[in-house]
Amino acid sequence: MTTKTLARRDAKPLNTSELDWVPIVPGLSFKPITYFPDNAGWQLLLRLEPGTVVPPHRHTGEVHAFNVQGSRYLINTKEIIGPGTYVYEPPGNCDTWRQHGDEACVVHIEVNGSIEYLDEKGTVTRVSDARESQKMYLEWCEKHGQPARVATYI
């Protein structure tokens, strides 16, 4: 049996409560957690205010989503996902969902690959990926005189 010596690497905590919410569109904002160096994906906290809908979209890679606060309604499956619930979305998954109830919904999401937003015919209208999210985050930091607290790779 052989053993492999691993170089020591220290953990890098990030207190997300110290980060501001970066607006995407009215009712929808995010806090970046990490961006993968090769633009293969990212992790974020996504916040939906009451009444906010995430439009139809398809994932090119797998997605892991954990409800931290509030609830969301998965329109395709007619399921309500509450706090503490994990949802796995395989590559190719198409879905749409909305915030449910009176309080904001916060979801911790890991996106691998990109997100393709779809029109009513299923045609891709826009693609979102880690690079686009990083750009939005860095532009927000610059506009508000804030240092980037999350490593970016663009």
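Everything quoted here is computed from the prediction, not taken from an experiment.

**Focus on the UniProt feature "domain: ChrR-like cupin" (unreviewed entry) in the chain**
Residues annotated in UniProt with the feature "domain: ChrR-like cupin" (unreviewed entry) correspond here to residues 15-105. Annotation note: span residues 15-105, helix share 0%, strand share 58%, distance between end C-alpha atoms 19 Å.

**So, the side chain of D95**
Here D95 lies in strand β9 (residues 94-100). It turns out D95 is buried and unbridged, and the closest side chain with the opposite charge, R72, is 5.5 Å from it. Polar contacts involving the side chain of D95 include one to the side chain of H57, which spans 2.8 Å. With residues near it in sequence (within four places) discarded, D95 still touches P55, P56, H57, H59, N76 and E89.

**Description of the pattern of salt bridges**
This model, assessed by the stated rule, comprises six salt bridges. Residues E49 and R47 are paired through a salt bridge, measuring 2.5 Å at the closest nitrogen-oxygen approach. On the basis of relative accessible area, E49 is assigned to the partly exposed category, the value being 28%. Salt-bridge contacts for E132 lead to R126; the nearest nitrogen and oxygen are separated by 3.2 Å. Taking relative accessible area as the criterion, E132 reaches 27% and is therefore assigned partly exposed.

**Notes on the sheet that holds strand β2 (residues 28-35)**
On the basis of which strands lie adjacent, the open sheet formed by six strands has the order β1-β2-β3-β10-β5-β8 and antiparallel pairing. Each of the sheet's edge strands pairs with one partner strand only, and the pair in question is β1 (22-25) and β8 (86-89). Pairwise comparison of adjacent strand axes, ignoring direction, gives a mean angle of 30° for this sheet. Taken together, the six bridges between strand β5 (residues 63-69) and strand β10 (residues 105-112) define a ladder with antiparallel strand orientation. Following the sheet pairing, F66 is matched in β10 by H108.

**What about the nonpolar core?**
Core analysis: the biggest nonpolar cluster contains 27 residues, and L46 and I109 have the highest contact counts within it. Mapped onto this core, the elements with two or more residues apiece are β2, β3 (41-48), β5, β10, β11 (115-118) and α1 (130-143). Leave out the neighbours within four places in its chain, and L46 touches W21, I24, L28, S29, F30, W97, C105, V106, V107 and I109.

**Side note on the sheet that holds β11**
On the basis of which strands lie adjacent, the open sheet formed by six strands has the order β7-β6-β9-β4-β11-β12 and antiparallel pairing. Since the sheet does not close on itself, it has two edges, and those belong to β7 (79-81) and β12 (124-128), each with one partner. Going across the sheet, the axis of each strand differs from the next one's by a mean of 35°, ignoring polarity.

What counts as what
- Sequence order sets the numbering: in each chain, residues are counted from 1 along the sequence as written.
- Two thresholds apply to this predicted model, a pLDDT of at least 70 for residue-level local features and 80 or more for giving and counting side-chain atom pairs, whereas whole-chain, interface and lining totals are computed over all residues.
- Water and hydrogen atoms were dropped before computing side-chain values, which therefore reflect all heavy atoms in the structure.
- UniProt positions are given in the numbering used here, feature names are shortened, and annotations may be inferred rather than shown by experiment.
- Secondary structure elements are defined from DSSP: runs of H or I of at least 4 residues count as helices, runs of E of at least 2 residues count as strands, and each element is numbered from the N terminus.
- Partly exposed describes any residue whose relative accessible area lies between the buried limit of under 20% and the exposed limit of over 50%, with all areas from a 1.4 Å probe on protein chains only and scaled to the type maximum.
- Charged residues are defined narrowly, with Lys and Arg counted positive, Asp and Glu counted negative, and His plus the chain ends left uncounted.
- Any carboxyl oxygen of Asp or Glu that lies within 4 Å of a side-chain nitrogen of Lys or Arg is treated as forming a salt bridge with it.
- Whenever two N or O atoms come within 3.5 Å, that pair is a polar contact, provided that in protein one can donate a hydrogen and the other can accept it, and provided that, for residues adjacent in sequence, both atoms are side-chain atoms.
- Residues count as neighbours in contact if any of their non-hydrogen atoms are within 4.5 Å of one another.
- Between any two strands, at least two bridges found by DSSP are needed for them to pair.
- Every axis in this analysis is a line fitted to C-alpha atoms, fitted for helices over the stretch in contact. Angles between the N-to-C directions lie between 0 and 180 degrees.
- Among buried residues, those of type Ala, Val, Leu, Ile, Met, Phe, Trp, Tyr and Cys that are joined through side-chain atoms within 4.5 Å constitute a nonpolar core.

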